[in-house]
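Letter by letter, the chains look like this.
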Amino acid sequence: DTGVSQNPRHKITKRGQNVTFRCDPISEHNRLYWYRQTLGQGPEFLTYFQNEAQLEKSRLLSDRFSAERPKGSFSTLEIQRTEQGDSAMYLCASSLQTGNTIYFGEGSWLTVV
Amino acid sequence: AQSVTQPDIHITVSEGASLELRCNYSYGATPYLFWYVQSPGQGLQLLLKYFSGDTLVQGIKGFEAEFKRSQSSFNLRKPSVHWSDAAEYFCAVGSGGDYKLSFGAGTTVTVRA
């Protein structure tokens, strides 16, 4: 069990650029989640996958955001045309199916300048 | 909709003293409740969780929490804090089916010598 892995850990980008974050869940975990956390706030749910299927998306996930989980393993979160308001920590988490703990990664910090 | 309130934004406690962090939730059905801890710039670590059964749950690092349905509360306690307990603590509530978590805004704990 190597834990949930996220990269890059930090990303500074100029407004208008695209960024992509990758998440590798704990092996055998078929559920994968993305959350966003801004300074002074708790994490907010963005989306989750069961295997390769994206089952729910928050209204926070605007059309500039897209998440994928091809083959039901790792996942990517892409933000297009970044805005300063996108600056946050993006947390990935994974779990087995219902009845199990959600494990979080270390997060990917995004700063949009 | 589910929600969590953590009334205390910041708590300062002396090393060796007891600690109690408050959490109130709003959820229509039986809640699934969690406490996570986050060190600066890091991801979330699960301290403990309540799904059902005994309302007093034990967690890691000497923490415990008590579920009180009548008060819609899930307060976290530790009898004697250590300097390493300085961190931000988040209470979260999840729905049974998909474990989409709703987090409180967090309580920052400072430990003074």
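Cut-offs used in this document
- Residues numbered from 1 in each chain as written.
- Chains lettered and ligands numbered in written order.
- Predicted model: local features only at pLDDT ≥ 70, side-chain atom pairs only at ≥ 80, totals over all residues.
- Heavy atoms only, no water.
- Salt bridge = Lys/Arg side-chain N within 4 Å of Asp/Glu carboxyl O.
- Helix = DSSP H or I, 4+ residues; strand = E, 2+ residues; numbered from the N terminus.
- Buried < 20%, exposed > 50% of the residue type's maximum accessible area, 1.4 Å probe, protein only.
- Contact = heavy atoms within 4.5 Å.
- Buried area = accessible area lost by both parts, 1.4 Å probe.
- Polar contact = N/O pair within 3.5 Å; in protein donor to acceptor, adjacent residues only side chain to side chain.

## Overview of the pattern of salt bridges
Residues and elements named next belong to chain B.
Thinking step 1. Under the counting rule described, the total for this entry stands at eight salt bridges over all chains.
Thinking step 2. Put simply, E64 and R77 hold a salt bridge, and the shortest N to O gap is 3.3 Å. Of the two residues, E64 is situated in strand β8 (residues 64-68) and R77 in strand β9 (residues 73-78); the sequence distance between them amounts to 13 residues.
Thinking step 3. Among the residues examined, R77 registers a relative accessible area of 24% and is labelled partly exposed.
Thinking step 4. Between K78 and D85 there is a salt bridge, with its nearest N and O atoms 2.8 Å apart.

## Considerations on the interface of chain B and chain A
Thinking step 1. Contact with chain B, which involves 19 residues of that partner, is made by 23 residues of chain A.
Thinking step 2. Contact between chain B and chain A buries roughly 1,700 Å² in total, counting both sides, with carbon and sulfur atoms accounting for 52%.
Thinking step 3. There are one salt bridge connecting chain B and chain A.
Thinking step 4. Salt-bridge contacts for K100 of chain B lead to E56 of chain A; the nearest nitrogen and oxygen are separated by 2.5 Å.
Thinking step 5. At the boundary of chain B with chain A, the tally comes to six residue pairs in polar contact (both at pLDDT 80 or more).
Thinking step 6. Elements with a contribution of two residues or more to the side of chain B that touches chain A: β5 (32-38), β6 (44-50) and β11 (101-103) of chain B.
Thinking step 7. Per element, the largest residue contribution to the side of chain B that touches chain A is three residues, and it comes from β6 of chain B.

## Concerning the side chain of S73 of chain B
Thinking step 1. Mapped onto the elements of the fold, S73 of chain B is located in strand β9.
Thinking step 2. Looking at S73 of chain B, the relative accessible area reads 4%, which means it is buried.

## Here we look at the environment of Y35 of chain A
Thinking step 1. Inspection of the secondary structure puts Y35 of chain A in strand β4 (residues 31-37).
Thinking step 2. Considered as a pair, Y35 of chain A and G16 of chain A are 19 residues apart in the sequence and their alpha carbons are 22 Å apart.
Thinking step 3. One polar contact links the side chain of Y35 of chain A to the main-chain amide nitrogen of L101 of chain B, over a distance of 2.9 Å.

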